[in-house]
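A structural walkthrough
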Amino acid sequence: MEVKIEQSWKNALAGEFEKPYFASLVHSLHEEKSEGKRIYPPGSQIFKAFELTPVQDVKVVILGQDPYHGPGQAHGLSFSVPEGIQAPPSLKNIFKEIESDLGVKMTGYPNLEKWARQGVLLLNAVLTVRAGEAASHSRIGWQEFTDAVIRYISDNCNGVVFMLWGNFARTKSELIDRSKHHVLEAAHPSPLARGAFFGCRHFSKANGLLASSGKTPIDWQL
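First, a word on what this report is: a plain description of the structure on this page.

Criteria and cut-off values
Residues numbered from 1 in each chain as written. Predicted model: local features only at pLDDT ≥ 70, side-chain atom pairs only at ≥ 80, totals over all residues. Heavy atoms only, no water. Helix = DSSP H or I, 4+ residues; strand = E, 2+ residues; numbered from the N terminus. Rg over C-alpha atoms; globule rule 2.2 N^0.38 Å. Buried < 20%, exposed > 50% of the residue type's maximum accessible area, 1.4 Å probe, protein only. Contact = heavy atoms within 4.5 Å. Areas by Shrake-Rupley, 256 points an atom, 1.4 Å probe, with all protein chains shown as cover. Lys, Arg positive; Asp, Glu negative; His and termini not counted. Charge placed at Lys NZ, Arg CZ, Asp CG, Glu CD. 1 Å grid on protein atoms, 1.4 Å probe; cavity = no way out; pocket = protein on both sides within 12 Å on 5 of 7 lines; lining within 4 Å. Points joined across faces, edges and corners; volume = space filled by probe spheres on them. Expected span 1.5 Å × (residues − 1). Polar contact = N/O pair within 3.5 Å; in protein donor to acceptor, adjacent residues only side chain to side chain.

Concerning the overall build of the protein
For the protein, the count of helices and strands is 9 helices and 6 strands. Its C-alpha radius of gyration of 17 Å places the protein within 12% of the 17 Å reference for a compact globule of 222 residues. Considering the protein as a whole, with its 222 residues, one finds that 54% of them fall into the buried category. Sequence separation of 24 or more characterises 67% of the internal contacts of the protein that already satisfy a separation of 6 or more. Element-wise, carbon and sulfur atoms account for 48% of the exposed surface of the protein, whose accessible area totals about 10,000 Å². Within the protein, the 23 negative side-chain charges are centred at a point lying 5 Å from the centre of the 24 positive side-chain charges.

See the structure below:
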């Protein structure tokens, strides 16, 4: 697998690509493909979050767990799906919260690239998944890689707003220097959380924190 990744991230994470775990990760993916297993997202989109949001542009990090495992859904951005694919339930709940929080009307447009291009790193902790098998790649090394990403942002950026939704995402808070960054925690937007996500107001809170740091707020409306 050729690692297609934007130059600032390539420089930032150069050491990770040389480590044994990353070679093992790539070998695992090659092996599954040679066995005829389908992997999402397509290889060219695995690092899409990094392509659209260079290191120096990161203002907000929204952390997901692993990619959607249905056909055509995953395209390298947490919670996002491409045009023409129906918004999954978690994304619909995110849109409901934005409407309530900001008083705007969301179109239901499910592709979140607009956010990514404004500095929202839509990062999954695990960057690939086997078709139809949720969390199937959770133990092949991706979390070591994305933990390094979070640590790099924590160490080398300032005033980033981290949105950690659900128990899994909250475990990553220990990687973040809270003296330099802002951590917003809430329940997961999944319907399984029985609406506990609603009312978190993370979108207005994030914009307030960005504005207080002299940064341009995110236009969340799609």
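Structural notes on the layout of surface pockets
Of the voids in this model, the largest pocket is the one considered here, and its volume is about 360 Å³. Residue lining of the largest pocket: 24 residues in total, with Q65, D66, P67, Y68 and N124 positioned closest to the centre.

Regarding the environment of P41
If you trace the backbone, P41 turns up in the loop between β1 (39–40) and α4 (48–52). Using a relative accessible area of 1% as the deciding quantity, one classes P41 as buried. For the pair P41 and K10, spaced 31 residues apart in the sequence, the C-alpha separation amounts to 20 Å.

Some details on helix α7 (residues 142–156)
With 15 residues, α7 should reach 21 Å at 1.5 Å per residue; the first-to-last C-alpha distance of 21 Å fits that figure. Among the residues of α7, those classed as buried are W142, F145, T146, D147, A148, V149, I150, I153 and S154.

A closer look at the side chain of T128
Here T128 lies in the loop between β3 (120–124) and β4 (129–130). Looking at T128, its side chain comes within polar contact range of the side chain of H137, at 2.7 Å. Looking at T128, its side chain comes within polar contact range of the side chain of W142, at 2.7 Å. Look past the residues within four positions of T128 in its chain and what remains in contact with it is L29, I39, Y40, P41, I46, P67, H137, I140 and W142.

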